[in-house]
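Structural overview for review
Okay, here's what each chain looks like letter by letter:
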Amino acid sequence: AYVGYRKNSGLNYLGNILAASYVKELSRRSNLQATGGVTRTDTQGVAASSVNGGGLADANADRPLTFLPRTTITQGYGTVSGSVGVGRRGLVDWSASAGINRYDEVAGVTFNNSTSAAALGGWRYELSERTTLGFAVGVDWFGYDVTDDSFGVTAAFTGTHDLGRETTMTFAVGATRTTTGDESTTSGRFLLSFARALTETSSLNAGIRQSVTPGTGLQAATND
């Protein structure tokens with residue numbers, strides 16, 4: 001992977017990504033997926049106003065911008081999910097995931113390493129052979145080395161619809177309530193994706209998603 005900036009090209013950097021996935025169709029209504037990977041990149045610190053006493057950067061739009069020193073970040077993640085047919089038309093969805101962000105130490109700067117974990121469970125009903133509709137609830141946790149941990153609860157309407165013999169649409173609409181220390185925020189949760197079978201052994205996947213993540217970990221903890 002390569003990241004380039006329109007301005008400050010000296011911040012450009014290369015990275016390495018190793019990822020793998022596994023999919024198993026257990027039956028017409030049951031399946032299992034697993035994904036995982038590791039990313040390692042040399043990255044430049046995000047813009048900040050100052051570095052206070054060798055600690056976290058204090059961002060302030062009224063002050064001149066500086067950049068934190070370049071460092072190396074190692075990120076790892078893993079997700080296991082699936083659906084299981086229950087009864088004639090019921091489906092149970094489930095998923096579990098975990099991830100880590102680790103920054104190499106730089107003298108005079110504190111980076112905020114993080115560890116995350118999440119779990120989700122849901123139920124869908126087959127309205128027809130082409131359409132399912134249901135509801136899902138999930139929890140997630142982000143643990144930070146320097147700042148308060150973050151805990152979130154998500155509720156969303158979910159479903160699928162076959163647009164044709166070869167194309168399936170998956171969607172989710174809901175909200176996530178995140179609490180960090182004494183502060184709580186509510187963010188929208190959105191997913192729209194399409195999968196199209198190209199041949200018996202290949203497919204094309206595309207979509208868009210909005211969700212809560214640990215953020216950069218630079219300067220301070222963020223939920224993006």
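It should be noted that the structure appears before, not after, this text.
Because the structure is a prediction, the values reported are computed rather than measured.

**Some details on the side chain of asparagine 101**
By the element assignment, asparagine 101 lies in strand S7 (residues 90-103). Classification of asparagine 101 as buried rests on a relative accessible area of 10%. A distance of 3.3 Å separates polar atoms of two side chains, one belonging to asparagine 101 and the other to glutamine 75.

**Regarding the pairing of strand S8 (residues 114-126)**
Two elements, S7 and S8, share 12 bridges in a ladder whose sense is antiparallel. Directly across from aspartate 93, in S8, lies its bridge partner glycine 122. Sheet topology places S8 next to strand S9 (residues 131-144); 13 bridges connect them, and they run antiparallel. Bridge pairing in S9 links threonine 115 to glycine 143. Between S8 and S9, which pair antiparallel one after the other, the connecting turn spans four residues.

**What to know about the pattern of salt bridges**
Opposite charge on two side chains allows them to pair when their charged atoms are near. Under the defined criterion, the tally for this structure stands at three salt bridges. Notably, a salt bridge pairs aspartate 104 with arginine 40, separated by 3.7 Å at the nearest N-O pair. Of this pair, aspartate 104 sits in the loop between S7 and S8 while arginine 40 sits in strand S3 (residues 31-43), placing them 64 residues apart in sequence. Exposure remark for aspartate 104: the relative accessible area of 33% places this residue in the partly exposed category. Of the residues examined, arginine 40 reaches a relative accessible area of 41% and is grouped as partly exposed. When the shortest N-O distance is used, the salt bridge between aspartate 93 and arginine 124 registers 2.6 Å. With aspartate 93 in strand S7 and arginine 124 in strand S8, this pair connects stretches of sequence that are 31 residues apart. A residue is classified by how much of its surface remains accessible, and arginine 124, at 9% relative accessible area, is buried.

Criteria and cut-off values
Residues numbered from 1 in each chain as written. Predicted model: local features only at pLDDT ≥ 70, side-chain atom pairs only at ≥ 80, totals over all residues. Heavy atoms only, no water. Helix = DSSP H or I, 4+ residues; strand = E, 2+ residues; numbered from the N terminus. Buried < 20%, exposed > 50% of the residue type's maximum accessible area, 1.4 Å probe, protein only. Polar contact = N/O pair within 3.5 Å; in protein donor to acceptor, adjacent residues only side chain to side chain. Pairing = 2+ DSSP bridges. Salt bridge = Lys/Arg side-chain N within 4 Å of Asp/Glu carboxyl O.

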